[in-house]
Amino acid sequence: MDSFLTSRVVTDILGGLTNGAIYGLVALSLVLVWRATRVLNFAQGAMPMFATYLGMGLLSYHWPYWVCVGVCLVAAFAIGALTERVLVRPLYGKPEINPIVVMVGYLIILEAFAAAIWSTTPRSLPAPFSPIDWRLAGQPVGLSPFSLFEVVTALVVMGAIVTLFRFTRLGLQLRASALAPEVSRLLGVRVGRMLTLGWMLSTAVGAVTAILVASNFFTGLTPQLMDGIFAFGFIAAAVGGLDSPVGAVASGIALGVVLQFVGDFLNSNAIILVALGILIVSLMVRPNGLLTRSTARRV
Amino acid sequence: MSGTARRGALALVGLAVAVALALVLAPRASDAIAAAAVATVTAVAAFVGSLPAVRAEHPALARAALTVVLIDVVVFATAFLSVPTDFNLATGAGMAIVLLGLSFLTGASGQISIGNGAFMGVGAFATAIWANHHATTPIVVTLLIAVVVGALFGLLLGLPATRLRGPYLAGMTLAFAVAFPAILSSFSSWTGGDSGLQLPNPVTAPHWLVGLFRAGTPTLTTDTLWLTDIVMVVTGVAFFFMANLFASRTGRAMRLVRDNDVAAELVGVPLPRTRVIAFVVSAAYAALGGALWTLLNNSVSPATYGFALSITILAVIVIGGIGTISGAIIGGIVYAYSTNVIAWFVARTGLDPQGNLASQLNGIIFGALLIVTMLFSPMGIAGTVRHLRQRRSQRERG
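As the structure is a prediction and not an experimental result, all values here were calculated from the model.

(A) Layout of the nonpolar core. F42(A), M103(A), Y106(A), F176(B) and Y305(B) are the most contacted members of the largest nonpolar core, which totals 178 residues. Contacts of Y106(A), omitting those with residues within four sequence positions, involve A43(A), M47(A), I79(A), T83(A), L87(A) and I371(B). Core analysis: the second largest hydrophobic core is formed by five residues, A253(B), A264(B), V269(B) and L271(B) among them.

(B) Quick look at the interface of chain B and chain A. If you look at the interface, chain B gives 45 residues, while chain A gives 46 residues. Carbon and sulfur atoms supply 79% of the area that chain B and chain A bury against each other, a total of about 4000 Å² over both sides. Counting across the interface, chain B meets chain A through zero salt bridges. Counting across the interface, chain B meets chain A through two residue pairs in polar contact (both at pLDDT 80 or more). Elements with a contribution of two residues or more to the side of chain B that touches chain A: α7 (139-158), α8 (168-186), α13 (261-266), α15 (307-320) and α17 (356-376) of chain B. Ranked by residues supplied to the side of chain B that touches chain A, first place goes to α8(B) with 13 residues.

(C) Molecular detail of the packing of aromatic side chains. According to the stated counting rule, one finds 17 aromatic pairs over all chains in the structure shown. Geometrically, the ring pair formed by F261(A) and F265(A) is stacked, given 6.1 Å between the ring centres and 20° between the ring planes. Here F261(A) pairs with F265(A), and both are found in helix α11 (residues 245-265), just four residues apart, close to one helical turn. Residue F265(A) is classed as partly exposed on the basis of its relative accessible area, which comes to 46%. Judged by centre distance (5.8 Å) and plane angle (75°), the rings of F104(B) and F246(B) are edge-to-face. A residue pair is termed long-range when its members are at least 10 positions apart, and F104(B) in helix α5 (residues 83-109) and F246(B) in helix α11 (residues 219-247) qualify at 142 residues. Side by side, F104(B) and F246(B) carry an identical accessibility label, which is buried.

Conventions and cut-offs
- Residues numbered from 1 in each chain as written.
- Chains lettered and ligands numbered in written order.
- Predicted model: local features only at pLDDT ≥ 70, side-chain atom pairs only at ≥ 80, totals over all residues.
- Heavy atoms only, no water.
- Core = buried A, V, L, I, M, F, W, Y, C linked by side-chain atoms within 4.5 Å.
- Buried < 20%, exposed > 50% of the residue type's maximum accessible area, 1.4 Å probe, protein only.
- Contact = heavy atoms within 4.5 Å.
- Buried area = accessible area lost by both parts, 1.4 Å probe.
- Salt bridge = Lys/Arg side-chain N within 4 Å of Asp/Glu carboxyl O.
- Polar contact = N/O pair within 3.5 Å; in protein donor to acceptor, adjacent residues only side chain to side chain.
- Helix = DSSP H or I, 4+ residues; strand = E, 2+ residues; numbered from the N terminus.
- Phe/Tyr/Trp six-rings, centres within 6.5 Å; stacked < 30°, edge-to-face > 60°.

Structure (structure tokens):
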């Protein structure tokens, strides 16, 4: 039993679940924004990165860790709201490449500003729990207190989002605003506010992700922190379907596990290649994602 | 008919003046002959291209003539510019080809690629790898090979593009741009890993060109001029082909796909094929630009073709005017001179050139311009200029 637990396969699955939780969170934040406003947010990694710098910068003034995390979330809410109001709102109803280009510009500018203010030198964040694997009979099991914390946090965030959307009045208004803005407005829903709220939630989910990534991936906090993670998150969201939160989370976790095996049994360069291959094949088979129902397009 | 005669007379007078100037100003007979030859070709091309009959009946011929005139003027000018300026212009011209491809993709399909820096890298590395295995291949053949390899990569990634709507293509090409460095290091025995590749035989100027210069002119000067002119000619040819494609039946079909794909399908335009062609052409143009960069630098490094380049390409073409031909030229010039302008700005404002802010100014300015352009004038500089001219001519007509 011991040798099984510490075997390569189990270690890979556990490590893959941890990465997959991160990919799932990024995918979820992309889906939240896509469903609310039909914008694929290419700055989805950069906005939370900025919020994380703002909040975690307070650590150097000896603020307690969890207070800094709270500040990160507040900053993320503010950045999300501001972005939607100022940058995204003028783009509704424009050709679909306009929001893409604007969000790429936003990505460039956020990363440049972050590097100008805080430099490109990685800043290490303290992990709230030990990142060293638990050992069983002297062998690492592929799971540390911190990675358990990551998975649990991801599950809690995903659960909270699902609960909010499925079981609350606010969630109903959020869904209604995304699906039928005109009808919702007639029924008295403040659609504009709901769209802003969608962006705020998505950026906050992103901030949680960014903090986890910066504390765990041995990279520390850098302006480009989320570029690679964003690519994996997008792949997960596209494979699962940009319209399906459950699909995004599920395919994020599956992607994490598959890629962990690829990295372990092939090599680290193959990880992104396999991910790209998965994306191409799945888009050819199901252009709108594996887990979305096909819908006729209105002409 | 008198119009033709007048144009002919004008071309002859211009030619006579140019030849006279060449005879008076050129220090040696060989210089005068070269200048006179350039002037003759330019005058003939300008005459042919300006004929109303040619412009109406044979637009492709008129475009060819315009291309010859432009190439002549640019090639003539590069002979008098400094080595760094020539190099800078040629780099911008290579970029302009890439921008043209991206402009075509968006102009033809309404979609956008965030991965053209990686396609550029495909062409750049294909050139270097081929040259390292077949050192004697003529430049033209090497460039064509790079274009074909770029097109094949484009086809591979473009296959799902046939069915993609919305932002999926943008996201997929972004993933390709992020994955490209890993692709390079996966095949490090070919690509040279982190250090990249050198060209075994750098391109050198032919004897007749060296003969035009004063004895003792550094080979750097003549070699750079020769390379610059090769790049300019290739750029001219690439623009000529694209201008024809824009105006052709295929080009019109593609614009219909962009504006209303359902209507396009109803009138019999094959949507999947059209989308794939647009994507493959844009990838091939990107590869050509990258191949020219490899020739210019004599080497290729994987660091050049990272994610940042793909984003820069997108920024520059949007600022120039996406979906237009002139936008690609403007974008190429913006790219060539952005570094100089920013350095000048930094020196002017007294910022610490080694400081964080100065080193990030490029990103801040490009990012801001990108957002401002899209929010307030989505057609970029080219589109805005065209719009202003249309308004003025409308006002003049009353």
